[in-house]
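Here is how the chains run, residue by residue.
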Amino acid sequence: MTLWSGRFDVASDPAAFDFGVSFGFDRALFEDDVTGSIAWAEALGAAGVVSDEDTRAMVSGLKAILEEGRYDSSYVSGPDEDIHSFVERKLVERIGDAGRRLHTGRSRNEQVSLDLRLYLRRRIPALQGGVAALVAACADQAERAGSALMPAYTHLRRAQPVLVAHYFLCHAAALRRDHARLATAAEEADALTLGSGAVAGTSYPVDTTRIARALGFSRIVGNSMDASSDRDFVASFLYATSLAMVHLSRVAEDLVIFTGEEHGFFDLADASATGSSMMPQKKNPDPLELVRGKAGRAIGRLTGWLVTMKGLPSGYNKDLQEDKEAVFDAEATLAASVAAAHAVVSRLTLNAERTERAASGLLLATDVADYLVSRGMPFRRAHEVVGAMVRRLLAEGRDFSTLTLEQWREASDMFGADAPRAATALASVQARRTAQSTNPEAVRKALDECRAWLASANPQSQ
Ligand code: ARG
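All of these numbers come straight from a predicted model, not from anything done at the bench. (Residues numbered from 1 in each chain as written. Predicted model: local features only at pLDDT ≥ 70, side-chain atom pairs only at ≥ 80, totals over all residues. Heavy atoms only, no water.)

A. Quick look at the site of the ligand. The local shell around the ligand consists of Ser22, Asp82, His84, Arg108, Asn109, Val112, Tyr316, Gln321 and Lys324. Taking Tyr316, its side chain carries an N or O atom lying 2.6 Å from an oxygen atom of the ligand. Here a nitrogen atom of the ligand and a side-chain polar atom of Gln321 are 2.7 Å apart. Relative to its unbound accessible area of 340 Å², the ligand is 86% covered by the protein chains. (Near = heavy atom within 4 Å. Polar contact = N/O pair within 3.5 Å; in protein donor to acceptor, adjacent residues only side chain to side chain. Areas by Shrake-Rupley, 256 points an atom, 1.4 Å probe, with all protein chains shown as cover.)

B. Seen up close, the layout of surface pockets. In this model, the largest pocket occupies a volume close to 700 Å³. Along its surface, the largest pocket is lined by 30 residues, and His166, Tyr167, Leu169, Cys170 and His171 are the ones closest to its centre. Only strand 1 (149-154), helix 7 (164-189), helix 10 (232-258) and helix 19 (440-457) provide two or more residues apiece to the lining of the largest pocket. Residue composition of the lining of the largest pocket, grouped by class: 18 nonpolar, six polar and six charged. Here the second largest pocket is characterised by a volume of approximately 400 Å³. Around the second largest pocket, the lining is made up of 15 residues, and of these Met1, Thr2, Leu3, Glu88 and Arg89 lie nearest the centre. For the lining of the second largest pocket, the class distribution of residues is five nonpolar, five polar and five charged. (1 Å grid on protein atoms, 1.4 Å probe; cavity = no way out; pocket = protein on both sides within 12 Å on 5 of 7 lines; lining within 4 Å. Points joined across faces, edges and corners; volume = space filled by probe spheres on them. Helix = DSSP H or I, 4+ residues; strand = E, 2+ residues; numbered from the N terminus. Nonpolar A, V, L, I, M, F, W, Y, C, P; charged D, E, K, R; others polar.)

C. Broad picture of the packing of helix 6 (residues 108-145) against helix 19. Remark: helix 6 packs on helix 19, axes separated minimally by 10 Å, with the N-to-C direction vectors making an angle of 150 degrees. Classified by the interaxial angle, the pair formed by helix 6 and helix 19 is roughly antiparallel. The two elements helix 6 and helix 19 meet at a crossing, and its hand is left-handed. Here helix 6 contributes Ala132, Val135, Ala136, Ala139, Asp140, Ala142 and Glu143 to the contact with helix 19, which in turn contributes Arg444, Leu447, Cys450, Arg451, Trp453 and Leu454. Classifying every residue of the contact of helix 6 with helix 19 gives nine nonpolar, no polar and four charged. (Axes fitted to C-alpha atoms, helices over the stretch in contact; angles between N-to-C directions. Parallel < 35°, antiparallel > 145°, perpendicular 65-115°, else oblique. Left-handed = near helix turned anticlockwise from the far one by under 90°. Contact = heavy atoms within 4.5 Å.)

D. Layout of the nonpolar core. Phe30, Phe168, Ile211, Phe237, Leu248, Leu255 and Phe266 are the most contacted members of the largest nonpolar core, which has 108 residues in total. Of the residues forming this core, the biggest block, 17 residues, is contributed by helix 6. When near neighbours in sequence (up to four residues on either side) are disregarded, Phe168 contacts Cys138, Gln141, Ala142, Phe266, Val345 and Leu348. Grouped together as the second largest cluster of nonpolar side chains are 20 residues, Val368, Tyr371, Leu372 and Phe415 included. (Core = buried A, V, L, I, M, F, W, Y, C linked by side-chain atoms within 4.5 Å. Buried < 20%, exposed > 50% of the residue type's maximum accessible area, 1.4 Å probe, protein only.)

E. Fine view of the pairing of strand 1. Of the pairings in the sheet, the one linking strand 1 to strand 2 (residues 157-163) comprises six bridges and is antiparallel in character. Among the inter-strand pairings, Tyr153 is bridged to a residue of strand 2, identified as Arg158. The hairpin turn running from strand 1 into strand 2, its antiparallel successor, is two residues long, and His155 in that turn takes a positive phi close to 60 degrees. (Pairing = 2+ DSSP bridges.)

F. Seen up close, helix 11 (residues 286-310). End to end, helix 11 covers 37 Å across 25 residues, agreeing with the expected 36 Å (1.5 Å per residue, within 8%). Listed in full, the buried residues belonging to helix 11 are Leu288, Val291, Ala295, Ala298, Leu302, Trp305 and Met309. Buried residues along helix 11 sit in contact with helix 10 and helix 12 (323-346). (Expected span 1.5 Å × (residues − 1).)

Everything listed is a geometric property; what it means functionally is a separate question.
Next comes the structure, spelled out in structure tokens:
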């Protein structure tokens, strides 16, 4: 029995019917489907479409169904085509004919969009909580790193010294944008579709403003045709999860490199690493690699969904059913990846001696050039002078720290006795001036600002 079998005089071919069954995955919308149905039943009652008695029966029946499904998830199963059919069947089983009035003036087209909007609004905060926890782990690492220095890279070549704290706050900055982007996806989902009917609107005088208020929506969709086919909020969610996965992947890639033998900037905790079945010495960063790998999967969900949407004629099309597995998979992928990244980042230990060694040497060349600029030399000229010094030092296998005053002055008579002091990693970071720079005071403020953000974004983490 389906919601539509009255129209047909033969049973469906299982190869066609089973192919369209979505109950296996849309059971995740159980709670949202019932919540939406309760609001609809109340709206029918308030509009006088259904008697008060039947409305009461529907509402209490639906509440009982919700309780039963929450208590025992195996209850949400059966031969039904989808979650909507399941809930209606259970309601009729429970209250009889009154349950047959629930779908008056309503279509599964608006219902399924409503359910997914409710679902995302309900679930996105948990993803944001995971992202905020990772931001907190970055902030903790920044705190712990204190004044330790490391090289920042461009083109994966040593570029300039930075505070290790600045490095961790760099990842925190990207993750905070992900947090905001998830909020934007939730806002986009925040529109009531009920009242749209199948495509043209409903002919019953339901008060959509009241339904919206009851369900906590801040607005109502503007066009019923658009409502039945609009899944932009799904695309936005998949984009938000994809970009968050891209950022996690970049954290992962950095740490795969920085925890390897060649860099040795950080040690992976045993608890967040894996071994090799053959090579006893190996300590592998599997969780990081898997986070990096799963970014491809999240991006695939976004790409796949955009391709599904692009060919659709206006109004509802069954293709839209593909939205749910994309959403559930992207959600699970991000939730698990952010937890794995947190496990790794929160347990990293810094090898400050190695990072500081890597932060000294020829990467101080820009600071040496800035020294000459401070003495009045045009920057382009200073670049040339220091470039020649670097060439010579490289040939001799040494760096600025080994130059005698005479040798400094050979390169330019603008170098004074204080030149060697300008060419240290610490002087380099202290010389930075702007609020977004790696200047130790600026980084301290940035860390405080990050903590303040965490307190407002994720109060329970404090
Ligand atoms: N399972 C369907 C979906 O996910 C529900 C809507 C079905 N509507 C319809 N006209 N067949 O989109």
